[in-house]
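# Survey of secondary and tertiary structure
One letter stands for each residue in the lines below.
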Amino acid sequence: MANGGATCLYKEARLNIEPAYPGSTVSITLPASTTSTFGFSTAAKRTVIPEQYQDQDEEAFAKCHLASDGSMFFRRHNEYPRSFLWRMLDNRKTLEIQAADLDQDVKHRFEANLTVLLHFSTPIRPFGIAFGEPDDRDALTVFAITTANELYTITLHRDFFTKLTASEVPVEDWCKRCTPNLVQLRVPYRLVALSASELLISLDDGGILHLTKQNKDDAAWKEDLYKQGNWSFRGLLPWKGQHTVRFNNADLDSSAAAALAISPDKQHIFAVSLNHQIRAWNVNTGKPGVQRDLLGEPDLPNEKVVPQFIGPSQSTLLAVLDIAGTVDGSLYHVATYSPKQHQFKFWGIRDPDNNELGMSDIQSEVAFVPPVDEMMHTTVWNLEEFFINPGPKGLKGLELWIRARSGPSSKVYSLKFDLTEDPGKLTHAWKHNWICVDSGPLTVDGLRLNPANPSEQDLDAMETGLSGSTEQWLEFLFHPGRFTVATLETALTLFRRGLKSARSLSASRKGSLKDRISETVAAFTAQVQDNVNDYDEYEEAISAQWQTFYGLVKDLHKRRGESLSLVFDSKLEMPWLVLADYLSAIRKCSPPEVIAMNATTVSSPDRLAETLLGEIPNSDARHVARLLNAAASFRRNLPISFNSKLQWHVNNELQQSQSLSVPDRMEQLEVKLDLSRQVSDDDLNLLVEELGMSTKDLPNEMFFEAIRLLSQEEQGRHSQKKQIARFGLDALVRVSQENLEISYNVLLDLLVLVLFMHFEEELSDDFEASEIFIEICNQLKNYAVLRWLASTIWSHSTSTGPSSEELMKALDEKYKNKGILPITQTVLEGIFGHRCFDTPLPSRLKSNRLTYWSRVWLNEVFDEQTFDGATEMIMGILLSQKEFALALEFSRFLQETNWSVYLKGRMHLALGELDLASICFQKAAYTLGLGMFSIDDADTINFIPPDQRNYFSDGLSNYYQHILGLFEKVKAYSFTADFARLGLRSLEGGKEDRLKPDLLSRLYSASIQTSRFDDAYSAMTRQKDENLKHSALQTLVTTMIQQSQTETLLKYPFVGLINDVDAILSSLCHKTLNLSSGPPYYQILYAFRISRNDFRGAASILYERLQRLKTTSTKVHDPADESLTQCYLMIINTLSSVSEEEAYILAEQRLDDIPPPQWNIGKARKLLKRQIVTLDTLRKEYQAELDRVATIESGQYPFVEPAEEMDIL
């Protein structure tokens, strides 16, 4: 049987203890008096810690993250926050407190996600901390006794854990200090809080100090002392017993109380002392009452026997059970534990003041000794803690939880028993009915067995995957919830010390943690092996460095798992385990986990233990359990390289479109895996032995029943008005990750077995491999998607409830310039976190709460919709959150539906892969555009905005109009034009008038942007709206001239638009300020008119240019400048091309009475008058210009004033 005889039915779900977000930890230094000569005192101080872990060495890591003590406190009157986790850090000088609730009321608009650090100037004593709940306010009261014997009473209002501003009030308002009179001369040993106004303190001399106060604001406590032989308040003289025990630098009297508890009627105090005695004290009279040895042994004072004392560090010795006796007339019961013989005793209490008859030993014939030595395979062990859950049946349904330690190993066990049962049956139950708790997959041993752990793989197995060793290590180390950031940062700091290069050291401090680790490992590899040319040698060298780094991580991680305390939430009836840097929720295993944890017992021919019969009630269930174990063992015995190949080929099988028949697919997969050659005769014999039958006797139904074990049927009704809290979501995701891994591996086990059996000759008539293969593949697809969701972190965190929404708004306001919120969230949390309470949670789930909750939560993903619908919804959400890289990674799960193809197109568009986007959009066009598609059914998350949903199922032209709009947004104008053309080709009847103008306009705009001027011209000429056409024409002419496409422009016919083009060009000519720069608009208009045989018009525009040249230039031209002469020649040649009677132009003449220097273009045009300029006149002006130039070149001109006309000599 697993675990040395104990059935394993429970498992730890280890939750990392990390701040909710940077800046969520409030550090408060508490005031304190000093014992120094100068009498200084510690002043109060408050800071908000930003949580920076870089350059944190091992000592700082232990100081800040590894607790030496810790537990949980559950409030009874206020529902949220109800559960508090507290830990001792920094050598017991720092107390860390944070809320650890799983859920809260849906109406709450706040979340208790702040961590409070209380710093004491002197350490808190061991067993010197207790918690209470005030009756008059929503708060948590902390009591602490320091080594300076100061008693702190700290009242933390609920807002301390919900609002940062709440802790800004003066510390004196909520922190009170005092030193009780009876503590000043004694050493406090144990502190117990009975309420927020009543304390019990065990003293070193055996006394018990009872502190009470009537008013919550009272600084002083009323003190009552209960002590053997001197119980009055005035007995202040210290009393020394015969025997003492050394503890924490103090000598404790053997009568010192190591455990204290109050009776249900509040009239008696029960104490277990170090001398192995239990004693009752009357609260009102202070007199001692009933007294017994913990094992009921008689007191023999004359015997010369060396006394045995209880270890002073023993955590739990006593429990008071508010259960009345059914037969013996007991008012209530007390349970004690004796470390002397590891034995429990159960006492019925009738009259605590009567030493003779007030206390009776229940079931004195039974030795209540847990068989820990057998379960832990050890001879030396200690029971550190226990608690008893009475349950609704009282003594008939007791549930005992214990935490036992042997050396560094600590285990938790549970037992259900009936204390009123026959002694023989009770003895048998205490011997054989124990249930153990598995530590889970996050222990060092659990990580070693993880198939994804690269340290346990050889290089050949690692090379069968797509990624190299670095990628595999990063995926393993940064798996959500596996290692804390502080652990990895500290390991990196320790690892970095070996770098010789200062440059590499400084470079490794920049960038993300993942990048810094990769760079440091690469730097070490280069430092160790400088010249590595072979890829295999490099992979081997870098793998060695990763192994070294992981060794540091593993050492730190192991220290985080040190067990501290076991606690029980009586409201949820659920146990918790507090570790050095974890909070573990103890949960009941799922059916596949139960079978795997108890594989040896299930596979044996022996009768199952009673504890296991509840999980495997009949022979059919046991056959299914044996099938699962045999399949797991069968695959586990195959080579490591086979399992790596299996993962690779199964992923390909799931992601490919299936064109082959099922038998062909199975045969192809078997050939790729070469399965038949991997199985030896020993493997086959072991398979038959573990199955308990031959493979030929296996029916289909047994396989389908095994697959059904992976799902969870809903129970109860939808009555919860709850929302998930931070620790609840962490626990839910943690358990989901574990359930997904075991379910996925179960399916792989069954797949390998079915592939192997498929080619056997003799099989059962009820075995049809194809049916099982299809079902397994369908389930594998579901679990592959869920595993990806649970293991992938996204950067755009989303809310999971009303309180989370408020937090997101606050963080968004704080980090609005950075864009990404500082909260780590898996895609599973982000998408489905708000649906945690969409399924019913039955009452009294107890430790099965998280397991059941996780399984029904995961079932929601595919139960309410098909695989295609679910994956398309997830893809749409990823695109909506702008997680485009994750969308690309997730796209491998999408099937080839038209909506998924469209979503892939949107993904490629966002990633800048425009060609692939265009292909996807065109591929999906026919179905999405022609009415055979419902956008409301496909787009359940409103990925398509409401104003664009009408573009679907309303014709291809509408669909293409939507697509071209998408390309327009990313300025991919060539694709915009392509889809505009497709839209125009798809126009139908009545839609033409509505859609055509817009499509033409957008085709024209896109063509202009991409310099496709032929398309732009075509679109412009087809436009019926005259205003749009004229605007487009002006843009076309201007753009083509600016891009030097005048030759192409002049070739266009411009049917019916010649005058418009001429007017546009004329306007451009007139707007030109500088003729020597910019486009030559005059020449272009000249060419345009020539091409239209308008010679006189061409000559007119040239003559205007001639006048501009004269008026905007200096009177004395450079002789080398031939612009005027060339302009004359062009005009003359143009007019020479027409008949003599038409060889003239109408021109505007400037007036000579306005001095030229005062002209500008606007004013000059107003001063001109029209005149007829003939060809002869032009020739004369041309000749005069030639003469002027010749005169200048010969230097025959007088010096004149600048304002005068130059006389030609």
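Residues numbered from 1 in each chain as written. Predicted model: local features only at pLDDT ≥ 70, side-chain atom pairs only at ≥ 80, totals over all residues. Heavy atoms only, no water.

### Regarding the side chain of His-649
Examined against the element boundaries, His-649 turns out to sit in helix 16 (residues 640-655). According to the relative accessible area criterion, His-649 is buried, its value standing at 16%. Ignoring anything within four residues of it in the chain, the contact list for His-649 reads Leu-669, Lys-672 and Leu-673. (Helix = DSSP H or I, 4+ residues; strand = E, 2+ residues; numbered from the N terminus. Buried < 20%, exposed > 50% of the residue type's maximum accessible area, 1.4 Å probe, protein only. Contact = heavy atoms within 4.5 Å.)

### Description of empty space enclosed by the protein
Enumeration over the complete set of coordinates arrives at eight cavities of 30 Å³ or more. Looking at the largest cavity, its volume works out to about 60 Å³. Every residue along the wall of the largest cavity is listed here: Arg-125, Pro-126, Val-187, Pro-188, Tyr-189, Phe-247, Asn-248, Ala-250 and Leu-252. (1 Å grid on protein atoms, 1.4 Å probe; cavity = no way out; pocket = protein on both sides within 12 Å on 5 of 7 lines; lining within 4 Å. Points joined across faces, edges and corners; volume = space filled by probe spheres on them.)

### Quick word on the sheet that holds strand 12 (residues 139-146)
Taken together, the four strands give an open sheet; going across it, the order is 11-12-13-14, and neighbouring strands pair in antiparallel fashion. The strands lining the two open edges of the sheet, one partner per strand, are strand 11 (124-132) and strand 14 (175-178). Neighbour-to-neighbour, the strand axes of this sheet turn through a mean angle of 15°, independent of strand direction. Of the strand pairs in this sheet, strand 13 (residues 151-157) and strand 14 are connected by four bridges, and their pairing is antiparallel. Paired with Leu-151 across the bridge in strand 14 is Cys-178. (Pairing = 2+ DSSP bridges. Axes fitted to C-alpha atoms, helices over the stretch in contact; angles between N-to-C directions.)

### Structural notes on the nonpolar core
Phe-703, Leu-750, Trp-899, Tyr-902, Phe-921 and Tyr-959 are the most contacted members of the largest nonpolar core, which totals 247 residues. Counting residues per element, this core draws most heavily on helix 21 (residues 726-758), which supplies 20 residues. Here this core spans two domains, since at least three of its residues come from each of domain 1 (593-712 + 733-767) and domain 2 (1093-1152 + 1166-1197). The residues contacting Tyr-959, other than those within four sequence positions of it, are Tyr-902, Phe-921, Ala-924, Ala-925, Leu-928, Gly-929, Tyr-951 and Phe-952. If you look at the next biggest cluster of nonpolar residues, it comprises 55 residues, including Leu-252, Ile-310, Phe-346 and Ile-402. (Core = buried A, V, L, I, M, F, W, Y, C linked by side-chain atoms within 4.5 Å. Domains from an automatic or database assignment.)

### Considerations on the domain arrangement of the protein
You can read the domains of the protein as domain 1 (593-712 + 733-767) and domain 2 (1093-1152 + 1166-1197). On a C-alpha basis, the centres of domain 1 and domain 2 stand 100 Å from each other.

### Let's talk about the pattern of salt bridges
Under the definition given, this model contains 56 salt bridges. The salt bridge partner of Asp-159 is Arg-158, with a shortest N-O separation of 3.8 Å. Since its relative accessible area comes to 18%, Asp-159 is described here as buried. Exposure remark for Arg-158: the relative accessible area of 23% places this residue in the partly exposed category. Linking Arg-787 and Glu-741 is a salt bridge whose minimum nitrogen-to-oxygen distance equals 3.0 Å. Within this pair, whereas Arg-787 is found in helix 22 (residues 769-791), its partner Glu-741 is found in helix 21, the two being separated by 46 residues in sequence. In the salt-bridge network here, residues are joined through shared partners; they are Lys-11, Arg-587, Glu-593, Arg-734 and Glu-738. (Salt bridge = Lys/Arg side-chain N within 4 Å of Asp/Glu carboxyl O.)

### Side note on helix 26 (residues 867-880)
Relative to the 20 Å expected for 14 residues at 1.5 Å per residue, helix 26 spans 20 Å between its end C-alpha atoms, a close match to the ideal helical length. The element helix 26 is largely enclosed, with a buried count of 12 among its 14 residues. Considered for burial, the residues of helix 26 that qualify are Phe-867, Gly-869, Ala-870, Thr-871, Glu-872, Met-873, Ile-874, Met-875, Gly-876, Ile-877, Leu-878 and Leu-879. Just downstream of helix 26, Lys-882 is the residue with a positive phi angle, here 60°. (Expected span 1.5 Å × (residues − 1).)

### Re the pairing of strand 15 (residues 188-195)
One ladder, built from six bridges, connects strand 15 with strand 16 (residues 198-203); its direction is antiparallel. By the bridge assignment for strand 16, Ser-195 is matched with Glu-198. Where strand 15 hands over to strand 16, the hairpin turn is made up of two residues, counted between the paired strands.

### Considering the packing of helix 16 against helix 17 (residues 662-673)
Running from N to C, helix 16 and helix 17 point in directions that differ by 150°, and their axes come no closer than 10 Å. Considered as vectors, helix 16 and helix 17 are oriented roughly antiparallel to each other. In this structure, helix 16 crosses over helix 17, and the sense of that crossing is right-handed. Contact with helix 16, carried on its side by Phe-642, Lys-645, Leu-646, His-649 and Glu-653, involves Arg-665, Leu-669, Lys-672 and Leu-673 of helix 17 and no other residues of that element. Along the lines of polarity and charge, the residues of the contact of helix 16 with helix 17 split into four nonpolar, one polar and four charged. (Parallel < 35°, antiparallel > 145°, perpendicular 65-115°, else oblique. Left-handed = near helix turned anticlockwise from the far one by under 90°. Nonpolar A, V, L, I, M, F, W, Y, C, P; charged D, E, K, R; others polar.)

### Some points on a nonpolar patch on the surface
A cluster of nonpolar residues, Tyr-926, Leu-930 and Met-932, forms a patch on the protein surface that exposes about 320 Å² of accessible area. Position of Met-932 relative to the elements: it lies in the loop between helix 30 (925-929) and helix 31 (935-938). (Patch = residues over 30% accessible without salt bridge, like charges linked within 9 Å, V, L, I, M, F, W, Y side chains within 5 Å. Areas by Shrake-Rupley, 256 points an atom, 1.4 Å probe, with all protein chains shown as cover.)

### Observations regarding the side chain of Glu-384
Turning to its location among the elements, Glu-384 is positioned in strand 29 (residues 382-389). For Glu-384, a relative accessible area of 17% gives the class buried. A polar contact is formed between the side chain of Glu-384 and the side chain of Arg-403, at a distance of 2.4 Å. If we ignore the near neighbours within four places in the chain, the residues touching Glu-384 are Gln-314, Ser-315, Thr-316, Arg-403, Ala-404, Arg-405 and Ser-410. (Polar contact = N/O pair within 3.5 Å; in protein donor to acceptor, adjacent residues only side chain to side chain.)

### A few points about the confidence of the model for the protein
A residue-level look at the protein finds 90% of positions with pLDDT of 70 or above and a mean pLDDT of 87. Across the protein, the element-wise mean pLDDT spans from 51 in helix 42 (residues 1161-1166) up to 97 in strand 7 (residues 83-89). Scored below 50 in pLDDT, residues 36-40 shows three contacts in the model against residues more than four places distant or in partner chains. Ignoring residues within four places in sequence, the model shows residues 230-241, a span with pLDDT below 50, making 26 contacts including any to other chains. (pLDDT = per-residue confidence, 0-100.)

### Side note on the packing of aromatic side chains
Taken as a whole and judged by the stated rule, the model has 55 aromatic pairs. On the basis of an interplanar angle of 90° and a centroid distance of 6.1 Å, the ring pair of Phe-270 and Tyr-332 is categorised as edge-to-face. With Phe-270 in strand 22 (residues 268-273) and Tyr-332 in strand 26 (residues 332-338), the pair connects residues that are 62 residues apart, well separated along the chain. You can call Phe-270 buried: its relative accessible area is 0%. Taking relative accessible area as the criterion, Tyr-332 reaches 3% and is therefore assigned buried. (Phe/Tyr/Trp six-rings, centres within 6.5 Å; stacked < 30°, edge-to-face > 60°.)

### A closer look at unusual backbone geometry
Put simply, Tyr-80 and Pro-81 share a cis peptide bond, and its omega is -10°. Structurally, Pro-81 is set in the loop between strand 6 (69-74) and strand 7. Residue Ser-953 is not a glycine yet carries a positive backbone phi of 60°. Relative to the elements of secondary structure, Ser-953 occurs in the loop between helix 31 and helix 32 (956-969). In this structure, Lys-971 takes a positive phi of about 60° despite not being glycine. Topologically, Lys-971 is positioned in the loop between helix 32 and helix 33 (973-985).

### What about the sheet that holds strand 22?
The strands making up a sheet associate through backbone hydrogen bonding, with each pair oriented either parallel or antiparallel. Across the sheet, which stays open at both edges, the four strands sit in the order 21-22-23-24 with antiparallel pairing between neighbours. Two strands close off the open sheet at either side, each with one partner strand: strand 21 (257-262) and strand 24 (288-293). Strand after strand, the sheet turns through a mean of 20° between neighbouring axes, direction not considered. Sheet topology places strand 21 next to strand 22; five bridges connect them, and they run antiparallel. Paired with Ala-259 across the strands is Val-272, a residue of strand 22.

### Re the environment of Glu-540
With respect to the element layout, Glu-540 can be found in helix 11 (residues 535-560). Along the chain, Glu-540 and Ser-469 lie 71 residues apart, while their C-alpha atoms are 9.0 Å from each other.

### Here we look at the environment of Val-283
Its place among the elements puts Val-283 in the loop between strand 23 (277-282) and strand 24. Exposure remark for Val-283: the relative accessible area of 15% places this residue in the buried category. Taking the C-alpha atoms as reference, Val-283 lies 5.3 Å from His-268; in sequence the two are 15 residues apart.

### Comments concerning the packing of helix 22 against helix 26
Two elements in contact, helix 22 and helix 26, have axes separated by 11 Å at closest approach and are oriented at 20°. When the axis of helix 22 is compared with that of helix 26, the two are roughly parallel. In the crossing of helix 22 with helix 26, the sense of the turn from one axis to the other is left-handed. Of the residues in helix 26, those in contact with Lys-781, Asn-782, Val-785, Trp-788 and Leu-789 of helix 22 are Phe-867, Thr-871, Ile-874 and Leu-878. In terms of residue class, the contact of helix 22 with helix 26 is built from six nonpolar, two polar and one charged.

### Some points on the pairing of strand 1 (residues 7-16)
Burial runs high along strand 1: 10 of the 10 residues are buried. By the bridge criterion, four bridges tie strand 1 to strand 32 (residues 435-438) in an arrangement that is parallel. The residue bridging Cys-8 from the neighbouring strand is Cys-436, located in strand 32. The pairing of strand 1 with strand 35 (residues 582-588) spans seven bridges and is classified as antiparallel. Across the sheet, residue Lys-11 finds its bridge partner in strand 35, namely Arg-587.

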